[in-house]
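Chain by chain, the residues run as shown.
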Amino acid sequence: MPTDANDAAAQEAASTPVHVDHLIVDGELAAENAWCVSYDAEALPEQLPAFVPLALWREHAEDTDLAPLLTSDTELTPALGEELKQVQAVAIDFPAFTDGRGYSLARLLRERYGVTGELRAVGDVLIDQLNYMERCGFNAMALRQDQDPETALRALKAFSVRYQTDVQTRSALFERRLASAE
């Protein structure tokens, strides 16, 4: 049963920007990370630029130091897809590594809505997920603090051939083989 101390700690954590030290962008370890992530839906973080919850971002849409943070349960409507097409970056939260809804959001943003800016995975991001995230359209992944960035880079390069299609490879391996045999 939650206590008042637990509630206060949870509220404080929600209002504190999360700073990411282990950031991979376009398959390389990022030299720096200017962006923080804030889960506080009520107030803007002190550090900017920042990813903030969608409703807060919409309230301050003219501020170029802010970008939207989508929760895994975000309903991606056509209107929202068009709105997100115009931004420089979108963060998608993975509240738990077992929650795969962020993969679907990323793939829809890339394929259906043509989002070309940065798609950053944040939250409970583990090394085991990076290959799948990249295949769904993420080009930036903020690793959980206990994950080793060098191991993550090796994991991203572990597979040289992919059988299925993804956002970058539009044909399956058998289709590519048939095309090259003709």
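See above for the structure.
About the thresholds
- Residues numbered from 1 in each chain as written.
- Predicted model: local features only at pLDDT ≥ 70, side-chain atom pairs only at ≥ 80, totals over all residues.
- Heavy atoms only, no water.
- Phe/Tyr/Trp six-rings, centres within 6.5 Å; stacked < 30°, edge-to-face > 60°.
- Helix = DSSP H or I, 4+ residues; strand = E, 2+ residues; numbered from the N terminus.
- Buried < 20%, exposed > 50% of the residue type's maximum accessible area, 1.4 Å probe, protein only.
- Arc of directions from axis to C-beta.
- Salt bridge = Lys/Arg side-chain N within 4 Å of Asp/Glu carboxyl O.
- Pairing = 2+ DSSP bridges.
- Right-handed = clockwise from strand over helix to strand, strands pointing away.
- Contact = heavy atoms within 4.5 Å.
- Core = buried A, V, L, I, M, F, W, Y, C linked by side-chain atoms within 4.5 Å.
- Polar contact = N/O pair within 3.5 Å; in protein donor to acceptor, adjacent residues only side chain to side chain.

Examining the packing of aromatic side chains
- With the rule as written, the count across this model stands at three aromatic pairs.
- Here Trp35 and Phe51 contribute two aromatic rings whose centre-to-centre distance is 4.8 Å and whose plane-to-plane angle is 35°, an arrangement assigned as tilted. With Trp35 in the loop between strand 2 (28-29) and strand 3 (36-37) and Phe51 in strand 4 (residues 50-53), this pair connects stretches of sequence that are 16 residues apart.
- Exposure remark for Phe51: the relative accessible area of 0% places this residue in the buried category.
- Taking the centre distance of 5.7 Å and the plane angle of 55° together, the rings of Phe94 and Phe138 count as tilted. With Phe94 in strand 6 (residues 89-94) and Phe138 in the loop between helix 5 (130-136) and strand 8 (140-142), the pair connects residues that are 44 residues apart, well separated along the chain.

Observations regarding helix 4 (residues 101-111)
- Among the residues of helix 4, Gly102, Tyr103, Leu105, Ala106, Leu109 and Arg110 are the ones counted as buried. All buried residues of helix 4 project into a common sector of 165° when viewed along the axis, lining one side.

Remarks on the pattern of salt bridges
- Tallied over the full model, the rule gives seven salt bridges.
- A salt bridge links Glu82 to Lys85; the nearest nitrogen and oxygen atoms lie 3.6 Å apart.
- Note on Lys85: relative accessible area 33%, which makes it partly exposed.
- A salt bridge links Arg120 to Glu118, with the nearest nitrogen and oxygen atoms 2.8 Å apart.
- Note on Arg120: relative accessible area 2%, which makes it buried.
- Among the ionic contacts, a cluster of salt bridges with common partners joins Asp124, Arg144 and Asp146.

Describing the pairing of strand 7 (residues 118-123)
- Across the six residues that make up strand 7, a large majority, five, are buried.
- The pairing of strand 6 with strand 7 spans six bridges and is classified as parallel. Bridge pairing in strand 7 links Phe94 to Gly123.
- Crossover connection from strand 6 via helix 4 to parallel strand 7: handedness right-handed.
- Following the chain from strand 7 across helix 5 to the adjacent parallel strand 8, one finds a crossover that is right-handed.

Digging into the environment of Glu28
- As for its position among the elements, Glu28 is in strand 2.
- Taking the C-alpha atoms as reference, Glu28 lies 7.0 Å from Leu153; in sequence the two are 125 residues apart.
- Sequence-distant contacts of Glu28, defined by excluding residues within four places in its chain, comprise Leu23, Leu153 and Lys157.

Section: helix 6 (residues 149-156)
- Along helix 6, the residues classified as buried are Pro149, Ala152, Leu153 and Leu156. Down the axis of helix 6, the smallest arc covering the buried residues is 100°, so these residues share one side.
- Lining the buried residues of helix 6 we find strand 1 (23-25), strand 2, helix 5 and strand 8.

A short note on the nonpolar core
- Counting 35 residues, the largest nonpolar core has Leu84, Val90, Ile92, Leu109, Leu130, Met133 and Phe138 as its most contacted members.
- Tallying contributions element by element places helix 4 first for this core, with four residues.
- Filtering out sequence-adjacent residues up to four positions away, Ile92 remains in contact with Leu70, Gly102, Leu105, Ala106, Leu109, Arg120, Ala121, Val122 and Phe138.
- With eleven residues, the next largest nonpolar core counts Leu69, Ala89, Ala140 and Ala142 among its residues.

Concerning the side chain of Glu118
- Note on placement: Glu118 falls in strand 7.
- Polar contacts involving the side chain of Glu118 include one to the side chain of Arg120, which spans 2.8 Å.
- Leaving out residues up to four positions away in the same chain, Glu118 has contacts with Phe51, Gln88, Ala89, Val90, Arg110, Asn139 and Ala140.

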